[in-house]
Amino acid sequence: MPVQIVTNKIKMKYLFWIVWRIWFYILIMLPIVVLSPVLLLLVSSEKTYPQFFKVARAWGKFVLWGMGFYYKIDFEQPLEKGKSYMLIANHTSMTDIMLMLVVVKDNPFVFVGKKELSKFPIFGFFYKRVCIMVDRSSSKSRFQVFERAQKRLQQGLSICIFPEGGVPDDERIVLDEFKDGAFRLAIEHQIPIIPMSFVDNKKRFPFRFFSGKPGRMRVKVHAPIETLGYTLENKQFIKEQARAAILKDLKH
């Protein structure tokens, strides 16, 4: 194959990635801007959060389909409608947020996420009002997370945490070690943990700019891990059980 043809193909591939990545941010922002009057109304009170959650799910679907992603969700056991859960999954992509919203339909949940995301224009405004933000460098912030999560659970909502605490810098890491927060909360509030394996997100839309492609996103929603009757002394055992469940599908 002539060198010029190879060079042109490489250029086209890099052009695709540039346009595709820009398109991702357009898809994120467009519905937020268009629906901002409705969103402002829905975030004005915690009582209207379930309605906001429905809009957020539609936004998640919009972004995924707009990027050329389609999803296949496999439940080992259906979630009980309206029940509070601790939702956890591996974290490898910005699309993890959208996919989690799509997976969980009848159990409105609140994300626990890093404070840095609140700096994004427009998106950050709503993020601050509907998510539980944590500054991992501050012990005071981590304590406040527990207080806010407790309040949300008392309102009948679920909580979603990516227990790796961030995306590993080394892409060779299949699943990083889990932090304690999600499991401490689940045990203290005696709510089941739902581990999920996001099998394809790293391949479909990794954090590296010049990478990724449209296609299928598989999700395995594992059976609940019960915490009823357990104490914080059992935290390590439950954490290892949840991590093993997620890792099994990622290795395949």
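Residue indices follow the written sequence of each chain, beginning from 1 at its first position. Given that the model is predicted, a residue must reach a pLDDT of at least 70 before its local features are reported, and side-chain atom pairs must reach 80 or more before they are shown or counted; all residues, however, enter totals for whole chains, interfaces and linings. Each side-chain value is worked out from all heavy atoms of the structure, with water and hydrogens disregarded.

Some words on the packing of aromatic side chains
Stacked, tilted and edge-to-face pairs are distinguished by plane angle, under 30 degrees for stacked and over 60 for edge-to-face with tilted covering the rest, among Phe, Tyr and Trp rings (Trp via its six-membered ring) whose centres lie within 6.5 Å. Within this structure, the stated rule accounts for 17 aromatic pairs. Between F178 and F183 the ring centres are 6.0 Å apart and the planes differ by 15°, which places this aromatic pair in the stacked class. Owing to a relative accessible area of 6%, F178 belongs among the buried residues under this scheme. F183 gets classed as buried once you look at its relative accessible area, which sits at 0%. Cluster of aromatic residues (ring-pair linked, three or more members): F16, W20, F24, Y25, F69 and F205. Three labels apply to residues, based on accessible area from a 1.4 Å probe with only protein chains included: buried if under 20% of the type maximum, exposed if over 50%, partly exposed otherwise in between.

With respect to the state of the cysteines
Disulfide: a pair of cysteine sulfur atoms within 2.5 Å of each other. By the definition in use, this model includes zero disulfides. No disulfide involves C160; its nearest neighbouring cysteine sulfur is the one of C131, lying 9.4 Å away.

Considering the confidence of the model for the protein
You can read pLDDT as the predictor saying how much it trusts each residue, on a scale of 0 to 100. Taken as a whole, the protein shows an average pLDDT of 89; of its residues, 93% reach a score of 70 or greater. Helix and strand definitions follow DSSP, with helices as H or I runs of at least four residues and strands as E runs of at least two, each counted in order from the N terminus. Across the protein, strand β6 (residues 193–198) holds the top mean pLDDT of 98, while helix α6 (residues 139–154) sits lowest at 79.

A few points about the side chain of K220
In this fold, K220 is placed in strand β7 (residues 215–221). The contacts of K220, once residues within four sequence positions are left out, are D74, E76, P195, M196, S197 and D249. Two residues form a contact once any of their heavy atoms are found within 4.5 Å.

Quick notes on the sheet that holds strand β5 (residues 158–161)
The seven strands are arranged β1-β7-β6-β2-β5-β3-β4 in an open sheet whose pairing can be described as mixed. Of all the strands in the sheet, the pair left with one neighbour each is β1 (69–75) and β4 (132–134). Neighbour to neighbour, the strand axes of the sheet diverge by 25° on average, direction disregarded. Being paired, for any two strands, means DSSP has found at least two bridges between them. Judged from the four bridges that link them, strand β2 (residues 86–89) and β6 form a sheet pairing that is parallel. From the neighbouring strand, L87 faces β6, where its bridge partner is I194. Seen against the sheet, helix α3 (residues 49–66) touches β1, β3 (109–114) and β7 and runs at an angle of roughly 125° to β1. Here an axis means a line fitted to C-alpha atoms, over the contact stretch when the element is a helix, while the angle between two N-to-C directions is reported on a 0 to 180 degree scale.

A word on the pattern of salt bridges
Salt bridge, as used here: a side-chain nitrogen of Lys or Arg that lies within 4 Å of a carboxyl oxygen of Asp or Glu. Within this structure, the stated rule accounts for nine salt bridges. As a salt-bridge pair, K151 and E46 come within 3.5 Å of each other at their nearest N and O atoms. Of this pair, K151 sits in helix α6 while E46 is found in the loop between α2 (36–42) and α3, placing the two residues 105 residues apart along the sequence. Using a relative accessible area of 37% as the deciding quantity, one classes E46 as partly exposed. In this structure, the salt-bridge partner of D200 is K203, at a minimum N-O distance of 3.9 Å. Judged by its relative accessible area of 3%, D200 is buried.

Some thoughts on unusual backbone geometry
One non-glycine residue, Q190, lies in positive phi territory at about 55°. Secondary-structure assignment places Q190 in the loop between α7 (181–189) and β6. You can call Q190 partly exposed: its relative accessible area is 28%.

Topic: the packing of α3 against helix α4 (residues 96–103)
Between α3 and α4, the least distance of the axes is 8 Å, while the angle of their chain directions is 125°. Comparing their axes, α4 and α3 come out oblique. The way α3 lies across α4 gives a crossing that is left-handed. Side by side, α3 and α4 meet where F53, A56, R57, W59, G60, K61, V63 and L64 of the first sit next to I97, M98, L99, L101 and V102 of the second. Residues that form the contact of α3 with α4 fall into these classes: 10 nonpolar, one polar and two charged. Here roughly perpendicular refers to angles of 65 to 115 degrees, roughly parallel to angles under 35, roughly antiparallel to angles over 145, and oblique to all remaining angles. The sense of a crossing depends on the near helix, which, turned anticlockwise from the far helix by less than a right angle, makes the crossing left-handed and, turned clockwise, makes it right-handed. Basically, the charged four are Asp, Glu, Lys and Arg, the nonpolar ten are Ala, Val, Leu, Ile, Met, Phe, Trp, Tyr, Cys and Pro, and anything else, Gly included, counts as polar.

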